[in-house]
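# Per-entry structural report
Residue-level listing of the chains:
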Amino acid sequence: MSSALQLAGVRKTLGGREVLKGISLTVEPGDVFGYLGSNGAGKTTTIRIALDLVRATSGDVRVMGESASSPDVRRRIGFMLEADGLYNALSAVENLQFYARLYGVRNAGARIASLLVDVGLAARGRDRVGSFSKGMRQRLALARALVHDPQVLVLDEPMSGIDPSGQVELRGILLDVVHRGGKTIFFSSHDLDEVQRICNRIALIDQGTILVDGELAVLMRERSGHEVVIDTGSVPPEAVMAGLRDAHGFGFRAATDRRLEFSPLPGTQVSDIVGFLVGRGVMVEGARRKEASLEELYTTILREREGGQ
Amino acid sequence: MSGLRTLVAASMRSHARLKVAVLLTLGLSVFLIAGLIALVGLLVIVPQARSPKPNTSELARYLGLVVYGSGLLTMGLTLNVFTANNLVKEKNQRLFESVLAAPVGARTLWLARTLAVFLPGLALCEVSAVASLLVVNAFFLTLGLPVLAPASTVVSGLLLVPVLYLPLCGVVLLAGLCGNPVSGNVIANMALSAVLTLVINLVVRAGMDVGSFSFALVHLTVAGGMAAVLIVLQPRLTKERIVLSSGM
């Protein structure tokens, strides 16, 4: 089965500046792929190349196994760009009809009616888009992205400029549509929290270079370090706490109510600490490695890059 | 050229809903055509009506100027107003980026936008040319002059403006889509002034008849020149240029 989106050694020079420096990444069918990076990192250029709006200076771009420049590919991709690109003077229904015709959608009326219900705009279908709020426009842009029932959705900063409640709403609609339709999503963002909630895979781009690419859970685990968190049934007695502090190998760091945090030295197992606590009558409810947040992962990788330069 | 009709229809519908722009185009056209007819009436028709032997060929020449001028003013204003209002605004909204991400080529988009400005302009041009022909002849009748409608003048009045404006629309839209949209407006404004100046000089000073072959030849030459410019500039019409020259 072909990859949903594959970029191999893609370079792009704009105005004498190399914006993309040979990036390669693969998005598999069914992935919700977060494409992270700060402003000017090259996210939008990558998306424009994937949508054949801009030609790569060199490299290969394939969508569902076909060249991104193939006209047939356009019918298999839905998109939401940073600017919604909707006709202000036309109504929501007219905007969707326009794109449905461009994509050659059959039975467009029923499809449009159903999408407007999905994005919560059924009551505003006949209103002009110029009167819509930013959140409503983004929801309509999502409906537009789905009007031809594409296999791949490419979304550029879909939540930008929307208030928090609008973001929650749009995210819910997006996830619902994706889970029901089994779509592949490639979406760029610099909202790390949002990416962590939605995506199963990520890539981080900085100054036109992919710094990291892979399964989000694996990357977080790899970068989580050796910190261990143990939840206890009750606050351990002072004598036990003193024992933990004295046990040098445990690397006891902090205690917050019934949560104990350790940075064990090499050679010390989590089971050693758990055994110590249980042996002193402390009930252990759970023990786990402390996972780094995506924000920590992101800043660590960028710091490593700066250090390496 | 898939989607051409859809794009033209959507653009024209979008234009038609810009009430201020539509009213401005219609209002200014009526005002300027009325001014042109009044001017020709005062300077040519009334003196001819008062003369013992009115010069019908002189009257026919100025009738041709009015018919042609009415079409030119209407079409010129349509192009100016709709490129000024819409193209600049839509480029700033990056509307074309979304259209081009759908199965639409850069050439189809350009052609659709050209037709979306040209076709309503053509309709208004023909209506205003016919209306001014009728109004001037009504004047003739009122002043006891013969009704005039020389075939060559009518055909020139109805055809030459569209012949000139079709490639001009193409040039304006190509410049606006691939570069700064304001440059399209500058070309449209300059073209209207240049054609008006040229026509006034040809008809009033050089005494050329709007229905003459030489007048038609001047138009065909200018239109051919613009068509050549379009052919030369076609390779610059790419999705990348349109997208990267858009606002924000």
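Residues numbered from 1 in each chain as written. Chains lettered and ligands numbered in written order. Predicted model: local features only at pLDDT ≥ 70, side-chain atom pairs only at ≥ 80, totals over all residues. Heavy atoms only, no water.

## A few points about the environment of Gly 267 of chain A
Residues and elements named next belong to chain A. In this fold, Gly 267 is placed in the loop between strand S13 (259-262) and helix H10 (270-279). Residue Gly 267 is classed as exposed on the basis of its relative accessible area, which comes to 69%. A sequence separation of 17 residues divides Gly 267 from Phe 250, and the C-alpha atoms of the two residues are 9.6 Å apart. (Helix = DSSP H or I, 4+ residues; strand = E, 2+ residues; numbered from the N terminus. Buried < 20%, exposed > 50% of the residue type's maximum accessible area, 1.4 Å probe, protein only.)

## Some remarks on the sheet that holds strand S5 (residues 66-67) of chain A
All names here are of chain A. Read across the open sheet, the 4 strands follow the order S2-S1-S4-S5; overall the sheet is antiparallel. The sheet terminates laterally at strand S2 (17-27) and S5, the two strands that pair on one side only. In this sheet, S5 lies alongside strand S4 (residues 58-63) in antiparallel orientation, the contact comprising 2 bridges. Bridging across to S5, Arg 62 finds its partner in Ser 67. Each of strand S1 (5-14), S2 and S4 touches helix H1 (residues 43-50); the most contacted strand, S1, lies at about 115 degrees to it. (Pairing = 2+ DSSP bridges. Contact = heavy atoms within 4.5 Å. Axes fitted to C-alpha atoms, helices over the stretch in contact; angles between N-to-C directions.)

## Let's talk about the packing of aromatic side chains
Residue and element names in this part refer to chain A. As enumerated under the stated definition, the model contains 8 aromatic pairs over all chains in all. Measuring from ring centre to ring centre gives 6.5 Å for Phe 79 and Tyr 99, while their planes differ by 70 degrees; the resulting arrangement is edge-to-face. Taken as a pair, Phe 79 in strand S6 (residues 77-80) and Tyr 99 in helix H3 (residues 92-103) lie far apart in primary sequence, 20 residues in all. For the pair shown, Phe 79 and Tyr 99 are each scored as buried. Centre to centre, the rings of Tyr 87 and Phe 98 are 5.2 Å apart; their planes meet at 90 degrees, and the pair counts as edge-to-face. Highlighted residues: Tyr 87 in the loop between S6 and H3 and Phe 98 in helix H3, separated in sequence by 11 residues. With relative accessibility at 2%, the residue Tyr 87 sits in the buried group. Ring pairs connect the aromatic residues Phe 79, Tyr 87, Phe 98 and Tyr 99, which therefore count as one cluster. Over the ring of Tyr 99 we find Arg 144, and its NZ or CZ is 5.0 Å from the ring centre. (Phe/Tyr/Trp six-rings, centres within 6.5 Å; stacked < 30°, edge-to-face > 60°. Lys NZ or Arg CZ within 6 Å of the ring centre and 35° of its normal.)

## Details of the side chain of Gln 234 of chain B
All names here are of chain B. Turning to its location among the elements, Gln 234 is positioned in the loop between helix H8 (213-233) and helix H9 (239-244). Given a relative accessible area of 15%, Gln 234 falls into the buried group. Looking at Gln 234, its side chain comes within polar contact range of the side chain of Arg 107, at 3.0 Å. Excluding residues that lie within four positions of it along the chain, Gln 234 makes contacts with Arg 107, Trp 110 and Leu 174. (Polar contact = N/O pair within 3.5 Å; in protein donor to acceptor, adjacent residues only side chain to side chain.)

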